[in-house]
Each structure stands twice: as structure tokens, then as C-alpha cells.
Amino acid sequence: EDVIELKTKRRPKGKLKKEKSSRKLPIYLRAFYSHYDEIIAQTEQKLDAYMQELNEFGYSLMKHPLDWKKKDIVLYSSVDDGCMIVEAGIVSSLIERSTKKGKRFYWVNILTPYEEIRITVWNEQFNKYNRFFQIGKIIWVSGEKGFGGMSLAKIGDATDFAYKK
């Protein structure tokens, strides 16, 4: 039993139990945390084979590597504009663009088990999180759905979690 001493003018009559310090896992990471080992177990061979078939034929007869997590991944087209959502998928393409004023940004497309989603990533975000934007990498993304796609708020992959079983 953990106990703490309190400093007061009066002497306490006993010792108090220390409250448990709970580090709650953010809701957008819970699905990944509970299946950390399975996500890591997705071999590069399976991902490469899936991506190769997809690139060659435009579709794949193999199951999507995140197909077993379909119930936790939201159908992007069913969410209203302006809502915050979390999506997971494979980075399928990366397109560099610029605004009329010359500000650079990127369109990162991720392939979920349902559909392909475009994420707008500004240059500063891209430089900060560039290790996630590798074609064929499984990532999760949190952001706001907009007319032209999804804006990036948070990003991660299965190897990022400080919490390990």
C-alpha cells in the first residue's frame, strides 16, 4: 500500500492512501494500443504484396492489411464536414502542391479498408512528421473533415506508442 505524508499545521491522525496516478490513453489511440502486437505483426511482405498488386492492377484481391479493424475505422464519406475524425490506412501517394502565394503543402492519400482519403499537410507539418509519410506505411490520422479532404491535427503509427503491454 502506497501512503503519503501531509504537511499541515495539525498532525494527521493517520496516513492517507495515495491516489493512483492514472495515465489515461487518448481515445484516438485506444484501438491501436489494444492491438499493438497485431499491427506490428503485419509483415512488410504482406504490405508490399498488397501495394504491388494495387499499383499493377488498380485493385487488389488480397485483403487490406487493416481489414480486421474495419469496425474501428470510420467510413469517411459518412461524416459531415467540420467534424473531427480519426482514420487509419496505408500511405498510397504523396503530391506536392503550392498555393497561389507560393506556400507549399502536400496531399497525402491514405488507403483505408473502405476508400482512399486525401489529407492536406502544410509544409511545416510535413517537415515535422515526414517520417510518417512514406509510401506503404500504416498510419493513423486525426483531423477535421473538410470539403477538399481532411486537415491534419495528429498523426502516428503503431510503433509510436509509449504504452506497451
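My aim in this report is to walk through the structure given alongside it, one point at a time.

**Details of a nonpolar patch on the surface**
Taken together, F57, Y59 and L61 make up a surface patch of nonpolar side chains, about 410 Å² in accessible area. Positionally, Y59 belongs in the loop between α3 (44-57) and β3 (84-98).

**Topic: the nonpolar core**
Grouped together as the largest cluster of nonpolar side chains are 18 residues, with contacts concentrated most on I110, I119, V121 and V141. Among the elements of the structure, β3, β4 (104-111), β5 (116-122), β6 (138-146) and β7 (149-156) are those that each provide at least two residues to this core. Judged by nonpolar contacts, the second largest core, of eleven residues, contains Y50, A88, L111 and W140.

**Some details on the pairing of β6**
With respect to burial, β6 is a largely interior element, seven of its nine residues being buried. As judged from the seven bridges shared by β6 and β7, these two strands associate in the antiparallel manner. For V141, the partnering residue across the bridge sits in β7 and is I155.

**Here we look at the pairing of β7**
Judged from the two bridges that link them, β5 and β7 form a sheet pairing that is parallel. The partner of I119 across the bridge, within β7, is M150.

**Considerations on the sheet that holds β7**
Overall, mixed pairing links the five strands, which are arranged β3-β4-β5-β7-β6 in a closed barrel. Between one strand and the next, the sheet's axes are offset by a mean angle of 55°, whatever the strand orientation.

**Description of the packing of aromatic side chains**
One pass over the full model with this rule turns up five aromatic pairs. Between the aromatic rings of Y106 and F126, the centroid separation amounts to 3.9 Å while the plane-to-plane angle is 20°, which identifies the pairing as stacked. Taken together, the positions of Y106 in strand β4 and F126 in helix α4 (residues 123-128) put the pair 20 residues apart, joining distant regions of the chain. For F126, a relative accessible area of 13% corresponds to the buried category. The interplanar angle of 10° and the centroid separation of 5.4 Å between the aromatic rings of F126 and F133 together place this pair among those described as stacked. Members of the aromatic cluster, each reached through a chain of ring pairs, are F105, W107 and W122. The residue whose ring lies beneath K103 is W122, and the NZ or CZ to ring-centre distance is 4.9 Å. Above the ring of W107, the side-chain terminus of R118 is found at 3.8 Å from the ring centroid.

**Observations regarding the side chain of S92**
For S92, the position within the fold is in strand β3. Of the polar contacts made by the side chain of S92, one reaches the side chain of E116; its length is 2.5 Å. If we skip the residues at most four places from it in the chain, S92 touches M51, N109, I110, L111, E116 and I135.

**With respect to the pattern of salt bridges**
The full count for this structure, using the stated rule, is two salt bridges. For E96, the salt bridge goes to R104, with nearest N and O atoms at 3.0 Å. The partner of D157 in a salt bridge is K137, with the nearest N and O atoms 3.0 Å apart. Remark: K137 occurs in the loop between α4 and β6 and D157 occurs in the segment after β7; sequence separation between them is 20 residues. Among the residues examined, D157 registers a relative accessible area of 4% and is labelled buried. Among the residues examined, K137 registers a relative accessible area of 22% and is labelled partly exposed.

Thresholds, definitions, all that
Residues numbered from 1 in each chain as written. Predicted model: local features only at pLDDT ≥ 70, side-chain atom pairs only at ≥ 80, totals over all residues. Heavy atoms only, no water. Patch = residues over 30% accessible without salt bridge, like charges linked within 9 Å, V, L, I, M, F, W, Y side chains within 5 Å. Areas by Shrake-Rupley, 256 points an atom, 1.4 Å probe, with all protein chains shown as cover. Salt bridge = Lys/Arg side-chain N within 4 Å of Asp/Glu carboxyl O. Helix = DSSP H or I, 4+ residues; strand = E, 2+ residues; numbered from the N terminus. Core = buried A, V, L, I, M, F, W, Y, C linked by side-chain atoms within 4.5 Å. Buried < 20%, exposed > 50% of the residue type's maximum accessible area, 1.4 Å probe, protein only. Pairing = 2+ DSSP bridges. Axes fitted to C-alpha atoms, helices over the stretch in contact; angles between N-to-C directions. Phe/Tyr/Trp six-rings, centres within 6.5 Å; stacked < 30°, edge-to-face > 60°. Lys NZ or Arg CZ within 6 Å of the ring centre and 35° of its normal. Polar contact = N/O pair within 3.5 Å; in protein donor to acceptor, adjacent residues only side chain to side chain. Contact = heavy atoms within 4.5 Å.

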